[in-house]
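The chain contents come next:
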Amino acid sequence: MDHSASELNTSCSPSESSNGSPAHKRARGRVRGLPRLLAINALVCGVEIVSSAAFTYIPPLLLKAGYTETVMTIILGIAPFLDMMTVPLLAEWSDRCTSVLGRRRPFIMFLSIVLLLSLILVPYGPTITTIVTGNSSPRINMVILAVGVILLDYSYQALFNPCESLLSDLMATAPEWEQTRGFTVYSAGISLGCILGYLIVSIDWSSAGFPLSQEQTSFSVIFIMFLPCLFLTLFCAKEKPYRRTINFSLQPGEGGILLRKAVTSDNDMLLVKKLNPSVTIQDEMTVLDLTSDSTTYTKDHPSDGGYESGSSETDDTAPLILPSSEMFKWRYQMIIHHVSRLPKITLQKLFNSVLRLLWKIIKILVYLPYQIIKLPLDTWKRVSSAPNVLRRLFLSELFGWMGFMCHNMFFTDFVGQYMYGGLPDAPEHTTLAVLYDEGVRMGSWGLFLHSLTACLYAFCIQQHIVRLVGHRTVYIGGLFIFTVTMAATMISPTVTFLNIVTAMSGVGFAALTSTPNMLVTLYNSDRQLYLWDATTLEGGEERGLGTNVAVLDTAYFLSQLVLSICVGPLVDLTGSALPYMIVATLSGIVSVYCGSRVVFTDVHLKQLRAGAF
């Protein structure tokens, strides 16, 4: 018996476990090639192609459909509101998703389907109305357009959480220089997507002889371009399924090893029993007959990405779980067992099922308003309960994205109204309408240059500057350059000067899209050091990587929600599009200050814990 116990203890020891094997160590040190990084970030590029091209047209489309500036910004604020309610929950689910596709890919697939549906609704709303009702109704067209915009806005923003978590999983055990390269490729992918998206909307498709309108042709092109980006990431991610944790402590016993349950359920006991009939359950103790047991145990953790790169946790802290092959076998046996016990469906059971369905619908109708009412409290709780380092990064992200979203989403409207003097609601083919459309197209060229600068800077220059001056200087310097360019935009004497300063703002965009994700990965790589004040989730579970990424996503969503409440009425009140750039400049100033308070190194962390930072 003692010999068997030593064998089991030896098989689970860090030195000889699968996680500690030489092959595994080589995998953990394996360099991620550039082609694989590009493939992982292909979906991010595709999402940005969609968002940049679509949101160039969406504000003008909403204004042309009859919505005011205030109502337009409110519509654009609905999706961030929904994202704030659902994305943190989706992030927690993805941390513990047990799908055979992995943790992140099921959510990527679902949100991508919603995104593709919205790309049909927005440009082809009038056509759909005509097919369904037989005539074109302006009010129905407005409703379909609004629903399509909300779905598009929601899905494209929600997609960033699983995409960022996917990359962070891959980079979890990489050295710092490799993490820098990984998130630089991520930032470059975003910028490349913006380049392609703005290039699509800058082309005059109507003069090229296409039978569709300018908007319909552009949306059709981005629909087609998104598909290969989606499939490339899905096929190259190589996620392994996440498996439920079963924690046991090993104790010698008569006839076998006693496995005492730690944090587990009766289903876990049943699972062990199914896998090995020689296991006997004695209250809180389970006896495992080692002579007939061939089950092996591997290690996993909610923060482990499930990649060949290995787990981000040490061998001593990772819990024991059952392998996926045995888990699949147990699930198959359970399905057969339940199917064999299915009784014939009776009218009474059907009636009870209908009543249960109605009760669930009633609960949803009551629960949704309740969630909306408590959303501010939940958001505050999510941010306030986050570790100190994440809260500081959250504030910098919040004001940084307020500036960038105000610029990127409303820049074409600003150029069309402020620089060209056009009106979005002017009758078609009039001078004011032509001027506004020309301004929108010229604004698209400005955003194209903005994205081109961001891509070239992130891919070719940023890594070298980081080696010279460090991440902190690059991050704060990028936000400062953005702030200066936004101030210069308001006093631009010519369109040429406007495009130059808009191009320079891409430096700040590259910093904002790469550095925060790198910092979250850094914080999660050494939780005891950086996340020393982290609180556990409900149920005693440890915060996963996706949950921490969701804190930054909350800043992204909240920035748009604040803009939708404040900026639209301000534009309607002043009768000018200039407030867009004023708000962007002020937000940039605050983001620079907050960025100076972000923790980048353990030196900053020591100063923070000493109260000197």
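Residues numbered from 1 in each chain as written. Predicted model: local features only at pLDDT ≥ 70, side-chain atom pairs only at ≥ 80, totals over all residues. Heavy atoms only, no water.

Engineer: For the overall build of the protein, give the residues involved together with the corresponding values.
Structural biologist: If you tally the helices and strands in the protein, you get 22 helices and six strands. Relative to its full complement of 613 residues, the protein shows a buried share of 54%. Intrachain contacts of the protein at a sequence separation of at least 6 include 77% that bridge at least 24 residues. Surface exposure of the protein reaches about 27300 Å², of which carbon and sulfur atoms provide 67%. (Helix = DSSP H or I, 4+ residues; strand = E, 2+ residues; numbered from the N terminus. Buried < 20%, exposed > 50% of the residue type's maximum accessible area, 1.4 Å probe, protein only. Contact = heavy atoms within 4.5 Å. Areas by Shrake-Rupley, 256 points an atom, 1.4 Å probe, with all protein chains shown as cover.)

Engineer: Before we move on, can you summarise empty space enclosed by the protein with the specific residues and values?
Structural biologist: Vacant regions in the atomic arrangement are exposed by a probe of water-molecule size rolled over the atoms. Scanning the entire structure with this criterion turns up eight cavities of 30 Å³ or more. As a volume, the largest cavity reaches approximately 360 Å³. As for the largest cavity, its lining consists of 26 residues, and the residues nearest its centre are Glu-48, Phe-160, Trp-401, Met-405 and Tyr-556. If you list the elements that add at least two residues to the lining of the largest cavity, you get helix H4 (42–65), helix H7 (138–158), helix H8 (160–171), helix H9 (176–202), helix H14 (388–419), helix H18 (506–525) and helix H20 (545–574). Residue composition of the lining of the largest cavity, grouped by class: 16 nonpolar, six polar and four charged. (1 Å grid on protein atoms, 1.4 Å probe; cavity = no way out; pocket = protein on both sides within 12 Å on 5 of 7 lines; lining within 4 Å. Points joined across faces, edges and corners; volume = space filled by probe spheres on them. Nonpolar A, V, L, I, M, F, W, Y, C, P; charged D, E, K, R; others polar.)

Engineer: Provide a residue-level description of the packing of helix H6 (residues 105–133) against H7, including the pertinent values.
Structural biologist: Packing of H6 against H7 brings their axes to within 7 Å, and their N-to-C directions diverge by 170°. Here H7 runs roughly antiparallel to H6, going by the angle between their axes. Contacts from Leu-111, Val-114, Leu-115, Ser-118, Leu-119, Leu-121, Val-122, Gly-125, Pro-126, Thr-129 and Thr-133 of H6 reach H7 at Ile-140, Asn-141, Ile-144, Leu-145, Gly-148, Val-149, Leu-151, Leu-152, Tyr-154, Ser-155, Tyr-156 and Ala-158. Here the contact of H6 with H7 is built from residues that sort into 16 nonpolar, seven polar and no charged. (Axes fitted to C-alpha atoms, helices over the stretch in contact; angles between N-to-C directions. Parallel < 35°, antiparallel > 145°, perpendicular 65-115°, else oblique.)

Engineer: Explain the pattern of salt bridges to me, using residue names and the numbers behind them.
Structural biologist: Under the definition given, this model contains two salt bridges. Residue Glu-438 is joined to Arg-441 by a salt bridge in which the shortest nitrogen-to-oxygen separation is 3.7 Å. Placement of the pair is Glu-438 and Arg-441 together in helix H15 (residues 431–469), with a separation of three residues, close to one helical turn. (Salt bridge = Lys/Arg side-chain N within 4 Å of Asp/Glu carboxyl O.)

Engineer: Break down H7 for me, citing the residues and quoting the values.
Structural biologist: If you check H7, its first and last C-alpha atoms are 30 Å apart, about what 21 residues at 1.5 Å a residue would give, namely 30 Å. H7 sits mainly inside the fold: 15 of its 21 residues count as buried. (Expected span 1.5 Å × (residues − 1).)

Engineer: Mind laying out the packing of aromatic side chains, listing which residues take part and the relevant values?
Structural biologist: If you walk through the whole model with that rule in mind, you get 15 aromatic pairs. For the pair Phe-404 and Phe-482, a centre-to-centre distance of 3.9 Å together with 20° between the ring planes defines the contact as stacked. Here Phe-404 is found in helix H14, whereas its partner Phe-482 is found in helix H16 (residues 471–490), with 78 residues between them in sequence. Here Phe-404 and Phe-482 have matching classes, each one buried. On the numbers, 5.9 Å between centres and 65° between planes, the contact of Tyr-556 with Phe-557 is edge-to-face. Each member of the pair, Tyr-556 as well as Phe-557, is classed as buried. The structure contains a cluster of three or more aromatic residues connected by ring pairs, namely Trp-401, Phe-404, Phe-482, Phe-509, Tyr-556 and Phe-557. (Phe/Tyr/Trp six-rings, centres within 6.5 Å; stacked < 30°, edge-to-face > 60°.)

Engineer: Can you lay out H6 for me, pointing to particular residues and giving the numbers?
Structural biologist: One full turn of an α-helix is made of 3.6 residues, so residues set three or four places apart face in the same direction. Considering bend angle alone, the principal kink of H6 is centred on Tyr-124 and spans about 85°; proline Pro-126 follows within four residues of it. Following H6 by one or two positions, Gly-134 has its phi on the positive side, about 90°. (Bend = angle between axes of the 7 residues up to and from the residue.)

Engineer: Tell me about the packing of H9 against helix H10 (residues 214–236), residues and numbers included.
Structural biologist: As a packed pair, H9 and H10 sit with axes 9 Å apart at the nearest point and diverge in direction by 150°. By the angle between their directions, the pair H9 and H10 is classed as roughly antiparallel. Like other packed secondary-structure pairs, H9 and H10 cross with a definite hand, here right-handed. Along its contact with H9, which presents Leu-196, Ile-200 and Val-201, the element H10 presents Gln-214, Ser-218, Val-221, Ile-222 and Met-225. Considering only residue class, the contact of H9 with H10 consists of six nonpolar, two polar and no charged. (Left-handed = near helix turned anticlockwise from the far one by under 90°.)

Engineer: Help me get a handle on the state of the cysteines, residues and values and all.
Structural biologist: By definition, a disulfide links the sulfur atoms of two cysteine residues through a covalent bond. Using the criterion set out here, one finds zero disulfides in the structure. Looking at Cys-45, it has no disulfide partner, and the nearest cysteine sulfur is the one in Cys-229, 5.1 Å off. Not engaged in a disulfide, the cysteine Cys-194 finds its nearest cysteine sulfur in Cys-45; these two sulfurs lie 8.7 Å apart. (Disulfide = S-S within 2.5 Å.)

Engineer: Quick rundown of the nonpolar core? Include the residues and the values.
Structural biologist: It is characteristic of soluble globular proteins that their nonpolar side chains tend to be buried jointly. In this structure, Leu-62, Leu-76, Leu-152, Tyr-523 and Tyr-580 are the most contacted members of the largest nonpolar core, which totals 136 residues. Ranked by residues supplied to this core, first place goes to H14 with 15 residues. Ignoring anything within four residues of it in the chain, the contact list for Leu-62 reads Tyr-67, Met-72, Ile-75, Leu-76, Leu-145 and Val-149. (Core = buried A, V, L, I, M, F, W, Y, C linked by side-chain atoms within 4.5 Å.)

Engineer: Account for the side chain of Ser-505, with residues named and values stated.
Structural biologist: By secondary structure assignment, the location of Ser-505 is in the loop between helix H17 (495–504) and H18. On the accessibility criterion, Ser-505 (0% relative accessible area) is buried. Within polar-contact distance, the side chain of Ser-505 engages the backbone oxygen of Thr-502 at 2.5 Å. Setting aside its immediate chain neighbours within four residues, Ser-505 contacts Phe-404, His-407, His-450, Phe-482, Thr-485 and Met-486. (Polar contact = N/O pair within 3.5 Å; in protein donor to acceptor, adjacent residues only side chain to side chain.)

Engineer: Account for the side chain of Ser-514, naming residues and giving values.
Structural biologist: Relative to the helices and strands, Ser-514 is located in helix H18. By relative accessible area, Ser-514 is classed as buried at 5%. Separated by 3.1 Å, the side chains of Ser-514 and Gln-462 make a polar contact. Not counting chain neighbours up to four residues away, the residues in contact with Ser-514 comprise Phe-183, Ser-187 and Gln-462.

Engineer: Give a detailed account of the environment of Gly-439, specifying residues and quantitative values.
Structural biologist: By the secondary structure assignment, Gly-439 is in helix H15. Look at Gly-439 and you get buried, because its relative accessible area is 0%. For the pair Gly-439 and Asp-413, spaced 26 residues apart in the sequence, the C-alpha separation amounts to 7.8 Å. What Gly-439 contacts, discounting residues up to four positions off in sequence, is Thr-412, Val-415, Gly-416 and Tyr-420.

Engineer: Account for the layout of surface pockets, with residues named and values stated.
Structural biologist: Empty space within the largest pocket amounts to approximately 1100 Å³. Forming the boundary of the largest pocket are 34 residues, of which Leu-61, Lys-64, Glu-215, Glu-428 and Asp-437 lie nearest the centre. When contributions to the lining of the largest pocket are tallied by element, the ones reaching two or more residues are H4, H6, H7, H10 and H15. In terms of residue count, the dominant contributor to the lining of the largest pocket is H15 (seven residues). Along the lines of polarity and charge, the residues of the lining of the largest pocket split into 19 nonpolar, seven polar and eight charged.

Engineer: Please give an account of a nonpolar patch on the surface that cites residues and values.
Structural biologist: Taken together, the side chains of Phe-351, Val-354, Leu-355, Leu-357, Leu-358, Ile-361 and Leu-365 define a hydrophobic patch exposed on the protein surface, amounting to about 660 Å² of accessible area. A relative accessible area of 60% means that Leu-365 is categorised as exposed. (Patch = residues over 30% accessible without salt bridge, like charges linked within 9 Å, V, L, I, M, F, W, Y side chains within 5 Å.)

Engineer: Describe the environment of Ala-550, listing the residues and the values that go with them.
Structural biologist: Note that Ala-550 resides in helix H20. Along the primary structure Ala-550 and Ala-91 are separated by 459 residues, whereas in three dimensions their C-alpha atoms are 6.4 Å apart. Contacts of Ala-550, omitting those with residues within four sequence positions, involve Pro-88, Ala-91 and Asn-161.

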